[in-house]
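Residue-level listing of the chains:
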Amino acid sequence: MTTLALRRAVPRAGDLDAALGGDTLAELVRQFKLHGDAFRMHAPLLGRDVFVLSHPDHVRHLLVDQHARFEKGIGIERVRILLGNGLMTSEGTLWRSQRKAIQPAFHRLRVEAQVPAIVAANERLATRIAAAGGEPFDLGRHLSDITLEIVLRALFGGTYDVLVARDNPFALLTDEAERDLKFAYALRKLGGLLQAEIDRRRAQRDTTRHDDLLQTLIDARDRHSGEPMSDRQIRDEVFTLVVAGHETTASALCWTWYLVAGHPAVAAAVRAEASAASDADRARPAADRFPHAYRAIAEALRLYPPGWVLTRRALEATSIAGVDVERGDDILVSPFLVHRHPAFWDDAEAFDPTRFVPERAAVRPRFAYLPFGLGPRACIGEPLALAEMLAHVVTLAHRCELFLVPGQRVEWDARVNLRPRSTIQFTAAARRAT
Ligand code: HEM
């Protein structure tokens, strides 16, 4: 078959809002039901078609086997205004050397070293939540605050307490819901504060040892040239890590509690396992010690993956598991669609954490699950996010019982992240003296 014939064989669906906002995901879901694994949508803003691919084989070819034939494309162009040229948005040799430089900061042992501080922050959160005394509250707000604190502590270590001593200059990340140009401008204004901290650390180089992400960025040297990162690059990486690391984790936890609280048997199992564990295990939660909590999180990430769409643009003509694309073609893979693909997930819309028991996970195609992406551009923060989510769920489940306020209509809103459209109200009951 010729390339043209193969392209024509991919059914053509409706229009796509190439800004990937509004109801794009609802439209993708509708078209997936009509056309299945591969279809094209016209994007009037781009003046051309965008391919939407949802089979695990497409995922493997695009993100893993042939990753070098693609760059990030449409999804990232708007994000670049906010994050500059950090790890999420950079390409080619810059991306490769930055990834190499930053990767060690997310090594398992470095993440484990942060867990005691993460657990302590969650203990304080549990005390605040338990103090709500049965009054309804917006859990999302607490989650946004705590995930921001955790990523800022990872970045600034001991300097975090100094930075937020008066007012938290990063509070706009939790106070502002929109991620528009106004927000981008306000965020970039924090560059001055960041520069002052970089300057301070460079000046103190020989006297103070910092073991945090910012120091990793400052100390990094290019393998070939031996040059340090420019200050601008450091600032872009910090903004990238704050934004990418905070909202995604907050959304994932909000969905986790929404689903767990809505399924009392799962909630009871998560609480029982948290209470049965030793203090030492709760102080350093590991997935194998808390399988119910781990599976509930994994299943929430399946149903509501915060990174609901991944975009790529072909750098050359190629075939993605039988779909021929040409140079410049844009491709979308939506983890939301792949995770609810009826051929790979039984009763795909149902919340069922037992999907993640090892025996069931082992018989599923590996590329049917990608909440953190896959391949070389997969999420660098996954180890931190998983440790953070597990510590949060275990600590809270040990200290309180969370209930959904009845009668709420909960819907998703697919913006930069997949998050609840409006706040979800919970009540809490303390389980231990606080
Ligand atoms: C539940 C939490 C999280 C989810 C669901 C998530 C999801 C993702 C996904 C799907 C990608 C891949 C995007 C693509 O292939 O186009 C990604 C990349 C990335 N994430 Fe995460 N993420 C989470 C937490 C974090 C954390 C905690 C950090 C850092 C503190 C982080 C930093 C990044 C960065 C820097 C990239 C770009 C990596 C690269 O291109 O080399 N993320 N994330």
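Everything discussed here concerns the structure shown above.
Computed from a predicted model, the values in this text were never measured in an experiment.

### Overview of the overall build of the chain
Along the backbone of the chain there are 19 helices and 13 strands. Taking 2.2 N^0.38 as the reference for a compact globule, 434 residues should give roughly 22 Å; the C-alpha atoms of the chain span a radius of gyration of 22 Å, in line with that estimate. The C-alpha extent of the chain, read off along each of the three principal axes, is 70 × 55 × 40 Å. Every one of the 434 residues in the chain was classed for burial, and the buried ones make up 42%. Counting only contacts in the chain whose residues sit at least 6 apart along the sequence, the fraction spanning at least 24 positions is 74%.

### Quick word on the site of the ligand
Lining the immediate surroundings of the ligand are 24 residues, of which Gly245, Gly307, Gly373, Cys379 and Gly381 lie closest. Every element with two or more residues in the shell around the ligand is listed here: helix H13 (231-261) and helix H19 (382-399). The leading source of residues in the shell around the ligand is H13, at 7 residues. For the shell around the ligand, the residue count by class is 15 nonpolar, 7 polar and 2 charged.

### What to know about helix H3 (residues 56-65)
Residues lying three or four places apart along an α-helix face the same way, a consequence of the helix completing one turn every 3.6 residues. Taken together, the buried positions of H3 are Pro56, His58, Val59, His61, Leu62 and Leu63. Buried positions along H3 lie against strand S3 (48-53), strand S4 (70-71), strand S6 (310-314), strand S7 (318-320), strand S9 (330-333) and helix H17 (335-339).

### A closer look at the packing of helix H14 (residues 264-276) against H19
Packed helix pairs are specified by the crossing angle of their axes together with the interaxial distance, meaning the distance between the axes. At a minimum axis distance of 8 Å, the contact between H14 and H19 shows a crossing angle of 90°. With respect to H19, the element H14 is oriented roughly perpendicular. Residue-level inspection shows Val270, Arg271, Ala274 and Ser275 of H14 in contact with H19, the latter providing Val393, Val394, Ala397 and His398. Looking at the contact of H14 with H19 residue by residue, the class counts come to 5 nonpolar, 2 polar and 1 charged.

### Considerations on the packing of helix H16 (residues 291-303) against H19
Where H16 meets H19, the axes come as close as 10 Å, and the angle between the chain directions of the two elements is 125°. By the criterion of interaxial angle, the relationship of H16 to H19 is oblique. By crossing handedness, the relation of H16 to H19 is classed as right-handed. For the pair formed by H16 and H19, the contact residues are Ala293, Tyr294, Ala296 and Ile297 on the first element and Met389, Leu390, Val393, Val394 and Ala397 on the second.

### Considering the pairing of S9
Side chains Asp330 and Leu332 of S9 all project onto a buried face; the interleaved residues Ile331 and Val333 project onto the opposite face, where all are buried too. Where S3 and S9 come together, 3 bridges link them in parallel fashion. Residue pairing across strands places Val50 opposite Asp330, the latter belonging to S9. Pairing analysis gives 4 bridges linking S6 to S9, with the strands arranged antiparallel. When the sheet's bridge partners are listed, Arg313 is paired in S9 with Asp330.

### Considering H19
Relative to the 26 Å expected for 18 residues at 1.5 Å per residue, H19 spans 26 Å between its end C-alpha atoms, a close match to the ideal helical length. Buried residues dominate H19, accounting for 15 of its 18 residues.

### Points about the sheet that holds strand S2 (residues 38-43)
Pairing is mixed in the open sheet, where 6 strands are placed in the order S1-S2-S3-S9-S6-S4. Of all strands in the sheet, those with a lone pairing partner are strand S1 (12-15) and S4, marking the two edges. In this sheet, S2 lies alongside S1 in parallel orientation, the contact comprising 2 bridges. By the bridge assignment for S2, Asp15 is matched with His42. Relative to S1, helix H2 (residues 24-35) is tilted by about 160°, and along the sheet it contacts S1, S2 and S3. Packing of H3 onto the sheet brings it into contact with S3, S4, S6 and S9, and relative to S9 it is tilted by some 125°.

### Brief notes about unusual backbone geometry
Phi is positive for Ala321, close to 45°, though the residue is something other than glycine. Here Ala321 lies in the loop between S7 and strand S8 (323-325).

Conventions we followed
Residues numbered from 1 in each chain as written. Predicted model: local features only at pLDDT ≥ 70, side-chain atom pairs only at ≥ 80, totals over all residues. Helix = DSSP H or I, 4+ residues; strand = E, 2+ residues; numbered from the N terminus. Rg over C-alpha atoms; globule rule 2.2 N^0.38 Å. Buried ≥ 20, exposed ≤ 12 C-beta atoms within 10 Å, placed from the backbone. Contact = placed C-beta atoms within 7 Å. Near = placed C-beta within 6 Å. Nonpolar A, V, L, I, M, F, W, Y, C, P; charged D, E, K, R; others polar. Axes fitted to C-alpha atoms, helices over the stretch in contact; angles between N-to-C directions. Parallel < 35°, antiparallel > 145°, perpendicular 65-115°, else oblique. Left-handed = near helix turned anticlockwise from the far one by under 90°. Pairing = 2+ DSSP bridges. Expected span 1.5 Å × (residues − 1).

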